[in-house]
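# Descriptive structure summary
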Amino acid sequence: MSDSAPREVPRRADLDLLRVLLCGAVLLIHALMVHAEDPRYHVKAPESWWPATLLSHGLRVGALAGFFALAGWGSVGALRRRRAGRFLGNRAARLFVPLAAGLLILGPVIKYIELGQGRDLRLAGFRLVEPLAMPFGDFLPRYLTRLSLLTWSHLWFLAYLLLLTVLLLPVLAALARRAPLQRVPSRAAIWLPGLGLGFWLAVSGGYWPALHNLVQDWANLGHFALCFLAGAVLASWPGLEARLRAEAWTLAGLFLAGLAGLLLFGPSPPGRIAVGICAWGAIGAGFGLVGRYPPQPSAALRWLADATLPVFVLHHLPLLAIAVALLPLGLPPALAIALTVAGGATVALALHGFLVLPQPALRRLMGLPSGPPALPDAALQTSRL
């Protein structure tokens, strides 16, 4: 980085909204997976429900691509404000600390629930097992002393993101140094990233199966790296963002067309090309629509956006516990999914607001600064009166 003063990047309410929507989509994905066809999940209903399968595919492709793209955009913005070494230290505190805390604090309970359901997700893949029948107090020492039992569950996202941040740092730093490109590309150019993502998935055999255990998931890691870079390029190319806003609804249609191809062709080269098209459609439509119809900045929106990382880390355990409690009731799948999402979100937000924020040590464990939470702009203005 040069010795010039860092450039401030103004906070954008539209991307705050996108962050909140993507976090909500992740909660919905996890509730849908209980009732979807894919067997690789901690808790499963006795029978699958086809709307859950359809929605989980679309949201999983779109939300993950969007989250990695948003992380790429934010990384370039952060490198405009701080040097590379300080940036990496910040990312380690924000990503590695909650990942490690989740492995040791949340992981044992998630694995206990998983094995109690007769399911075992491990590095070697997925298998059905005899349901675990032992007290949690007896299971905990086993979890902490047997590598085969460790699970990062949903926190694989933090591990992948941290790895990509380190590997792609030279590219991110170069994009942060360059002057923002204002030229608006042609309408035809917005189709190319989708074809590029689809080509990578087709030749690498990505998306199926979605194991996310890193050692067997290099194809998907490459896909997420391309999504991450797409967001980084957007941060350095405002003209491309302008084109996405103009073509937002076309890109939404591209997302739906890719989803249709995914469902039609399944785990095949055409199906994987469709996944790439679906992912780029989600990225383009996500950035384009929130930029085209931006929300008004507010203290509530900023609070929710700042809560997305702790909510992401904390939500999965209560969500799984609620799903297990609801399964014996035989509720209609739509109602069970709605209750699971609402319950998981409520518990996670309550833990964040009433437990994490007041405690500096817990804020650090959730990847937040340990100092007093920054007041939103509106609250700061009120405090000066």
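First things first, this report covers the structure right here in the doc.

### Observations regarding empty space enclosed by the protein
Scanning the model with the defined rule gives two cavities of 30 Å³ or more in all. Going through the elements one at a time, helix H2 (50-79) and helix H8 (218-236) are the ones with two or more residues in the lining of the largest cavity. Element by element, the count of residues in the lining of the largest cavity is highest for H2, at four residues. In this structure, the second largest cavity occupies an estimated 30 Å³ of space. Lining the second largest cavity, in full, are Gly102, Leu103, Leu106, Gly107, Ile110, Thr151, Trp152, Ser153, His154 and Leu155. Residue classes in the lining of the second largest cavity are distributed as five nonpolar, five polar and no charged.

### A few points about the nonpolar core
One finds Phe68, Phe157, Leu158, Trp280, Ile283, Phe287 and Val313 to be the most contacted residues of the largest nonpolar core, which totals 100 residues. The contact partners of Trp280, leaving out residues within four places of it in the chain, are Ile190, Pro193, Gly194, Leu197, Ala230, Leu244, Leu251 and Leu254. Counting residues in hydrophobic clusters, the runner-up holds five residues, among them Met134, Phe139, Tyr143 and Leu149.

### Some thoughts on the packing of helix H3 (residues 84-116) against helix H12 (residues 299-326)
Each pair of packed helices can be described by the angle between their axes along with the distance between the axes. Following both chains from N to C, one finds H3 and H12 inclined at 5 degrees, their axes separated by 10 Å at the closest point. Put simply, H3 runs roughly parallel to H12. Contacts between H3 and H12 involve Arg94, Pro98, Leu106, Val109, Ile110 and Ile113 on the former and, on the latter, Leu309, Val313, His316, Leu317, Leu320, Ala321 and Val324.

### Some remarks on a nonpolar patch on the surface
On the surface, Trp50, Leu54, Leu55 and Leu263 cluster together into a nonpolar patch covering about 420 Å² of accessible area. The leading source of residues in the nonpolar patch is H2, at three residues. Mapping Trp50 onto the fold places it in helix H2. Take Trp50: its relative accessible area is 66%, and that puts it in the exposed class.

### Some remarks on the side chain of Arg243
You can see Arg243 is positioned in helix H9 (residues 238-246). With sequence-adjacent residues up to four places away left out, Arg243 is seen in contact with Val184, Pro185, Ser186, Arg187 and Ile190.

### Here's the deal with the pairing of strand E1 (residues 119-122)
Direction of pairing for E1 relative to strand E2 (residues 125-128): antiparallel, over a ladder of four bridges. Among the inter-strand pairings, Leu121 is bridged to a residue of E2, identified as Phe126. Connecting the antiparallel pair E1 and E2 is a turn made up of two residues.

### Section: the packing of aromatic side chains
In the structure shown here, the tally under the stated rule is 16 aromatic pairs. Judged by centre distance (5.3 Å) and plane angle (80 degrees), the ring pair of Tyr112 and Phe136 falls under edge-to-face. Here Tyr112, found in helix H3, pairs with Phe136, found in helix H4 (residues 136-145); they are 24 residues apart in sequence, far enough to count as distant. Assessed through its relative accessible area of 30%, Phe136 is described here as partly exposed. Centre to centre, the rings of Trp156 and Phe157 are 6.3 Å apart; their planes meet at 85 degrees, and the pair counts as edge-to-face. Here Trp156 matches Phe157 in class, with each residue buried. Among the aromatic side chains, those forming a connected cluster through ring pairs are Phe67, Phe68, Trp152, Trp156, Phe157, Tyr160, Phe224 and Phe312.

### Examining the side chain of Ser75
Structurally, Ser75 can be placed in helix H2. For Ser75, a relative accessible area of 2% gives the class buried. Of note is the side chain of Ser75, whose polar atom sits 2.8 Å from the backbone oxygen of Ala71. Ignoring anything within four residues of it in the chain, the contact list for Ser75 reads Phe87, Arg91, Leu172 and Phe228.

### So, the packing of H9 against helix H11 (residues 269-292)
Interhelical geometry of H9 versus H11 gives an angle of 90 degrees and a closest axis separation of 7 Å. Taken together, the axis directions place H9 and H11 in an arrangement best described as roughly perpendicular. Contacts between H9 and H11 involve Glu241, Leu244, Arg245 and Ala246 on the former and, on the latter, Trp280, Gly284, Phe287, Gly288, Gly291 and Arg292. Of the residues that constitute the contact of H9 with H11, the class distribution is four nonpolar, three polar and three charged.

### A word on helix H13 (residues 333-356)
Look at H13: 32 Å from first C-alpha to last across 24 residues, which is about the 34 Å you get at 1.5 Å a residue. Along H13, the positions that sit buried rather than exposed are Ala336, Ile337, Thr340, Val341, Gly343, Gly344, Ala348, His352 and Val356. On its buried face, H13 is in contact with helix H1 (13-33), H2, H12 and helix H14 (360-365).

### Points about the layout of surface pockets
In this structure, the second largest pocket spans a volume of roughly 850 Å³. Lining of the second largest pocket is provided by 32 residues; of these, Trp152, Ser153, Trp156, Leu211 and His212 occupy positions nearest its centre. Among the elements of the structure, H1, H2, E1, helix H5 (156-167) and H12 are those that each provide at least two residues to the lining of the second largest pocket. With four residues, H1 is the single largest residue contributor to the lining of the second largest pocket. Here the residues of the lining of the second largest pocket sort into 18 nonpolar, ten polar and four charged.

Parameters at a glance
- Residues numbered from 1 in each chain as written.
- Predicted model: local features only at pLDDT ≥ 70, side-chain atom pairs only at ≥ 80, totals over all residues.
- Heavy atoms only, no water.
- 1 Å grid on protein atoms, 1.4 Å probe; cavity = no way out; pocket = protein on both sides within 12 Å on 5 of 7 lines; lining within 4 Å.
- Points joined across faces, edges and corners; volume = space filled by probe spheres on them.
- Helix = DSSP H or I, 4+ residues; strand = E, 2+ residues; numbered from the N terminus.
- Nonpolar A, V, L, I, M, F, W, Y, C, P; charged D, E, K, R; others polar.
- Core = buried A, V, L, I, M, F, W, Y, C linked by side-chain atoms within 4.5 Å.
- Buried < 20%, exposed > 50% of the residue type's maximum accessible area, 1.4 Å probe, protein only.
- Contact = heavy atoms within 4.5 Å.
- Axes fitted to C-alpha atoms, helices over the stretch in contact; angles between N-to-C directions.
- Parallel < 35°, antiparallel > 145°, perpendicular 65-115°, else oblique.
- Patch = residues over 30% accessible without salt bridge, like charges linked within 9 Å, V, L, I, M, F, W, Y side chains within 5 Å.
- Areas by Shrake-Rupley, 256 points an atom, 1.4 Å probe, with all protein chains shown as cover.
- Salt bridge = Lys/Arg side-chain N within 4 Å of Asp/Glu carboxyl O.
- Pairing = 2+ DSSP bridges.
- Phe/Tyr/Trp six-rings, centres within 6.5 Å; stacked < 30°, edge-to-face > 60°.
- Polar contact = N/O pair within 3.5 Å; in protein donor to acceptor, adjacent residues only side chain to side chain.
- Expected span 1.5 Å × (residues − 1).

Keep in mind that these numbers describe shape and distance, not what the molecule does.
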